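So the chains spell out like this:
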Amino acid sequence: MSQQEHDLIVIGAGPGGYVAAIRAAQLGMNVACIEKESALGGTCLRVGCIPSKALLDSSERFASARQELKAHGIKTARVQLDLKALLKRKDQVVGTLTQGVGGLFKKNRITRYTGHGRLAGGGKVVVEDGKKKRELRAKHILIATGSKPSELKGVELRKNLIGSSTEALGYSSVPRHLVVIGAGYIGLELGSVWSRLGSKVTVLEYLDRILPGMDDELAADASKLFAAQGLEFNLETRVTAAKVKGRKCVVECDGRKPIPCDRVLVAAGRTPNTDGLGLKEAGIELDDRGRIPVDESFATRAKGVFAVGDVIEGPMLAHKAAEEGVACVEGIAGRKPRINYDAIPGVVYTHPEIAAVGRTEEQLKEAGVEYRKGKFPFKANGRALAMGQSDGWVKILADASTDRVLGVHILGMHAGDLINEAAMAIAFGASSEDIALTCHAHPTLPEAFREAALAVDKRALHI
Ligand code: NAI
């Protein structure tokens, strides 16, 4: 077995791992990155964020061409779907980005190993690729192996018929009836894609609401808009089984009649990817949710072994993983980085989008924090009306005594872009008054953010 020495070995080339590898190389380290897939970029680039956004964009254009262009005075011939071309475009976008990561690795002289990485003790990592085995050695090892779709008891996974988001990113035909298990990020995004392309979509959700963890008011208003778009929600419905019967699928739930359908998308959460990493042998015990415990510098219990992203505590978000990857290697290089977890935004790329940063009203109430609330609807925003996209609102929650912004929640067109201004406000410790005093260009959607800040002090101008 050949042996190779590095300063840092990163296991996993998703947004946590590949970004950490680049930053470490910038800091002068000799870096290796182990990835078992042939393409770099992890779930996010290959079978997650990027392909789903490509499909969301294409399907939104299709729906818009069919339903909205007329209102803009644009006449079209019959709008038709070319699913093969739509999927090909998605694959091209993925190809461009995954190859781009390869280019960044070359530029930063990061050595790439293809195969499964496993801790072998004493700063060693074994990379296995089929029958080929190789031993690497480094002072620092970073685990960034991400997560995989959680399986549900009783639900028999059968590739395209009953599968995860990976399969739902590439159905070769539009399912007549798609049942989605779980009304979280993935269920709503991919449910929206197939609904826009013509599927009847039924979403089954165990809880009495969609989007657990997000602001209640946000989730409630969003669910009304999605229902009006044709998504059917069955809340308080626990799926107990899903099977293939002939060429159809059947989903069984507590207290309801079995639901026959053409395909099932299981979107009931994700589980950290820790299989075969040699954690136990290295003395690393997982927590009760299968995550790797780390300290504030992302160090695990094993000397020289660190972990970031979906395998550790916190929201399973690509940008959170990347922040942690950078902070981890900067810490290794002797710097003192700090992540403000209150300023990490979350976005659901539905239409309209849903975005949030900081605390929800429910979290503030539970923590006994007194707050003031300013809310402004897009129907009073000139740009939103001009675009014909005036659903939703911006809500700002500010500390009642200091006026510091504690949470921002947005339902509306481009909410995912607007939320970054809010994240910056929270990161800079801004007050709602600071936002209210900042001139915003007219006519733009971010004016609604400023108006919400004015509304905290009951002085919004356009409502
Ligand atoms: P999720 O945790 O967001 O939602 C899963 C839903 O499934 C929950 O509402 C849960 O109550 C429900 N559920 C669980 N078991 C069930 C059962 N037996 N019957 C009915 N409902 C059941 O998980 P999701 O959507 O799978 O996403 C996984 C992770 O991926 C999330 O943590 C999210 O952060 C991340 N993600 C982020 C995206 C983004 O940033 N836009 C996009 C996609 C995923």
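Conventions and cut-offs
Each chain carries its own residue numbering, running from 1 in the written order of its sequence. With the structure being a predicted model, the display of local features is reserved for residues of pLDDT at least 70 and the display and counting of side-chain atom pairs for 80 or more, all residues being used for whole-chain, interface and lining totals. With hydrogens and water set aside, each side-chain value is computed from the structure's full complement of heavy atoms. A run of H or I in DSSP becomes a helix once it reaches four residues, and a run of E becomes a strand once it reaches two; helices and strands are each numbered from the N terminus. The contact rule is simple, with two residues in contact once any of their heavy atoms fall within 4.5 Å. DSSP bridges decide pairing: two strands pair if at least two such bridges lie between them. Each residue is tested against the molecule or strand, and it is near if at least one of its non-hydrogen atoms lies within 4 Å. Pairs of N or O atoms within 3.5 Å make up the polar contacts considered here, provided that, within protein, one atom can donate a hydrogen while the other can accept it, and that residues adjacent in sequence are counted only when both atoms are side-chain atoms. Using a 1.4 Å probe, accessible areas were evaluated by the Shrake-Rupley method; residue-level cover was limited to the displayed protein chains. Every axis in this analysis is a line fitted to C-alpha atoms, fitted for helices over the stretch in contact. Angles between the N-to-C directions lie between 0 and 180 degrees. Two helices crossing with the near one rotated counterclockwise from the far one by less than a right angle form a left-handed crossing, whereas a clockwise rotation gives a right-handed crossing. Each residue gets one label: Ala, Val, Leu, Ile, Met, Phe, Trp, Tyr, Cys and Pro are nonpolar, Asp, Glu, Lys and Arg are charged, and the others, such as Gly, are polar. Two kinds of site are reported from a 1 Å grid over the protein atoms alone, namely cavities, where a 1.4 Å probe fits but cannot get out, and pockets, open sets with protein on both sides within 12 Å along at least five of seven lines, and residues are called lining when an atom falls within 4 Å of a point. Grid points are joined across faces, edges and corners, and a volume is the space filled by probe spheres set on the points. Each residue gets one of three labels from its accessible area relative to the maximum for its type: buried under 20%, exposed over 50%, partly exposed in between, using a 1.4 Å probe on protein chains only. The positive count covers Lys and Arg only, the negative count covers Asp and Glu only, and His and the chain ends enter neither. Salt bridge criterion: a side-chain nitrogen from Lys or Arg within 4 Å of a carboxyl oxygen from Asp or Glu.

> For the environment of T360, give the residues involved together with the corresponding values.
Its location among the elements puts T360 in the loop between β19 (353-358) and α9 (361-366). Taking the C-alpha atoms as reference points, T360 and R66, separated by 294 residues in sequence, lie 36 Å from one another. If sequence neighbours within four positions are ignored, T360 has contacts with G213, M214, D215, L397 and H409.

> Explain the sheet that holds strand β8 (residues 162-163) residue by residue, including any values.
Pairing is parallel in the open sheet, where 5 strands are placed in the order β8-β15-β9-β10-β11. Edge strands, defined here as strands with exactly one partner in the open sheet, are β8 and β11 (232-234). Across 2 bridges, β8 lies against strand β15 (residues 263-266) in parallel orientation. Residue pairing in the sheet places I162 in a bridge with V264 of β15.

> Explain the site of the ligand to me, and be specific about the residues and the numbers.
Surveying the vicinity of the ligand reveals 25 residues, the closest of which are I186, E189, E205, G269 and V347. Within the backbone of Y185, a nitrogen or oxygen atom sits 3.2 Å from an oxygen atom of the ligand. E189 has a polar side-chain atom sitting 2.9 Å from a nitrogen atom of the ligand. For the ligand, whose unbound accessible area comes to 840 Å², protein coverage reaches 82%.

> Quick rundown of the packing of helix α1 (residues 15-26) against helix α8 (residues 318-332)? Include the residues and the values.
Direction vectors running N to C along α1 and α8 enclose 35°, while the axes themselves pass 7 Å from each other. Helix-helix and strand crossings are classified by hand; for α1 and α8 the assignment is right-handed. Contacts between α1 and α8 involve P15, G16, V19, A20, R23 and A24 from the first element and A318, A321, A322, G325, V326, V329 and E330 from the second. For the contact of α1 with α8, the per-class residue count stands at 9 nonpolar, 2 polar and 2 charged.

> Which residues make up empty space enclosed by the protein, and what are the values?
Under the definition given, this model contains 1 cavity of 30 Å³ or more. Roughly 40 Å³ of internal volume is contained in the largest cavity. P149, S164, S165, I186, V266, A267, G269 and R270 together form the lining of the largest cavity. Grouping the constituent residues of the lining of the largest cavity by class yields 4 nonpolar, 3 polar and 1 charged.

> Could you give an account of the side chain of E35, with specific residues and numbers?
Following the sequence through the fold, E35 ends up in strand β2 (residues 31-35). For E35, which is buried and forms no salt bridge, the nearest opposite charge comes from K36, at a distance of 5.2 Å. Residues in contact with E35, not counting those within four places in the same chain, are G12, A13, G14, L40, Y113, T114 and G115.

> Could you give an account of the layout of surface pockets, naming the residues involved and the relevant values?
The space that makes up the second largest pocket amounts to roughly 900 Å³. Those elements that place two or more of their residues in the lining of the second largest pocket are α3 (49-67), α6 (185-196) and α11 (415-427).

> A description of the sheet that holds β19 should follow, citing residues and the corresponding values.
Adjacent strands of a sheet pair through backbone hydrogen bonds, lying either parallel or antiparallel. Reading across from one edge, β18-β19-β22-β21-β20 is the order of the 5 strands in this open sheet, with antiparallel pairing throughout. At either end of the open sheet lies a strand with only one pairing partner, and these are β18 (346-348) and β20 (371-377). The average undirected angle you get between the axes of adjacent strands in this sheet is 10°. As paired elements, β19 and strand β22 (residues 405-412) share 6 bridges and run antiparallel to each other. Each bridged residue has a counterpart across the sheet, and for A355 the counterpart in β22 is I410. On top of the sheet, helix α13 (residues 447-456) reaches β20, β21 (393-399) and β22; it is set at about 140° to β20, its chief contact.

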